[in-house]
Amino acid sequence: MEAKSTVSNKTRNNWILDAGLFLGAIIASISGIYFLIFPDGGYMGGRNPYYGIKIIFDRAGWEWIHTWLSLGMVVIALIHIVLHWKWILSTTKRVVRDIFTSRKSNMNAKGWQNVLVDGLVALSFLICAISGVYFIFAGESRGGLAADPMFLFSRTIWEVIHTWSSVLFISGGIVHFAIHWGWVTKVTRKVFRSSSSKSNQTVLEQVVFEN
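Residues numbered from 1 in each chain as written. Predicted model: local features only at pLDDT ≥ 70, side-chain atom pairs only at ≥ 80, totals over all residues. Heavy atoms only, no water.

This part covers the overall build of the chain. The number of helices and strands found in the chain is seven helices and zero strands. Across the chain, helices and strands are ordered from the amino to the carboxyl terminus as α-α-α-α-α-α-α. Scored against the burial criterion, the 211 residues of the chain give a buried share of 26%. Accessible surface, the chain: about 14,900 Å² in total, of which carbon and sulfur atoms supply 69%. (Helix = DSSP H or I, 4+ residues; strand = E, 2+ residues; numbered from the N terminus. Buried < 20%, exposed > 50% of the residue type's maximum accessible area, 1.4 Å probe, protein only. Areas by Shrake-Rupley, 256 points an atom, 1.4 Å probe, with all protein chains shown as cover.)

Okay, here's the thing in structure tokens:
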């Protein structure tokens, strides 16, 4: 019975990475929604009636949260890729072989579903991250007062790319989460149960030692 409640280090590490990405995505999404509703620029009493509005944090606070959480997600995603690099390579080779050869695919419908969803999440996250890096260096438009650096595209095009890649990433993440809901709930229960057991064991050992 005890063996069923334990979690391997590999599974625990995957859970920690996924939990970090999940929490980071939620907060980054909330801050992104703030920027969509309250754009920058304008002046108090002018064409931007929401200038300087404060919802929990001011605009600078939301920018700090959005930027650093997003960078944290990039780091976690890179670690995730490194840990699953062999699986990524083998799956990519299998998909390419199945698509470009007449050989019958040995991947079932569920496997293709996972590949498509994971591919959408990975591609949209990559585009979102690249466009996010652009805004780190380009800065805000300040209502059109700041010069547009015009790197490959205009600032407006980069905003569209960043916004819709974020929407695709969130949508793909929700579908991915739903597909693996059974794994998520099962491992989450085991992780907390294991942590609780270790905590109780530590307390018991301390009591025995003191006595």
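Now that the structure has been shown, the text picks up again.
Turning our attention to the packing of aromatic side chains. Aromatic rings considered in pairs are described by the distance between their centres and by the relative angle of their planes. Per the stated rule, a full pass over the model turns up eight aromatic pairs. Aromatic pair Tyr-34 and Trp-62: ring centres 5.4 Å apart, planes at 20°, arrangement stacked. Separated by 28 residues along the polypeptide, Tyr-34 in helix H2 (residues 9-37) and Trp-62 in helix H3 (residues 59-83) bring together distant segments of the chain. Assigned by exposure class, Tyr-34 and Trp-62 land together as buried. Judged by centre distance (5.4 Å) and plane angle (80°), the ring pair of Phe-57 and Trp-62 falls under edge-to-face. Owing to a relative accessible area of 36%, Phe-57 belongs among the partly exposed residues under this scheme. Owing to a relative accessible area of 7%, Trp-62 belongs among the buried residues under this scheme. (Phe/Tyr/Trp six-rings, centres within 6.5 Å; stacked < 30°, edge-to-face > 60°.)

One finds Leu-17, Leu-21, Ala-25, Ala-28, Met-73, Ile-76, Ala-77, Val-117, Val-121, Phe-125 and Phe-169 forming the largest nonpolar core, which totals 11 residues. Residue assignment for this core shows that the elements contributing at least two residues are H2, H3 and helix H5 (109-138). Counting residues per element, this core draws most heavily on H2, which supplies four residues. Apart from the residues within four sequence positions on either side, Met-73 is in contact with Leu-21, Gly-24, Ala-25, Ala-28, Phe-125 and Phe-169. (Core = buried A, V, L, I, M, F, W, Y, C linked by side-chain atoms within 4.5 Å. Contact = heavy atoms within 4.5 Å.)

Moving on, we come to H3. Look at H3: 36 Å from first C-alpha to last across 25 residues, which is about the 36 Å you get at 1.5 Å a residue. Looking only at H3, the buried set comprises Gly-61, Trp-62, Ile-65, His-66, Met-73, Ile-76 and Ala-77. Those residues of H3 that are buried lie in contact with H2, H5 and helix H6 (155-179). (Expected span 1.5 Å × (residues − 1).)

With that out of the way, let us pick up the confidence of the model for the chain. Per-chain confidence: the chain averages 77 in pLDDT, with 75% of residues scoring 70 or above. Here helix H1 (residues 2-5) stands out as the element of the chain with the lowest mean pLDDT, 49, in contrast to H6, whose mean of 88 is the highest. (pLDDT = per-residue confidence, 0-100.)

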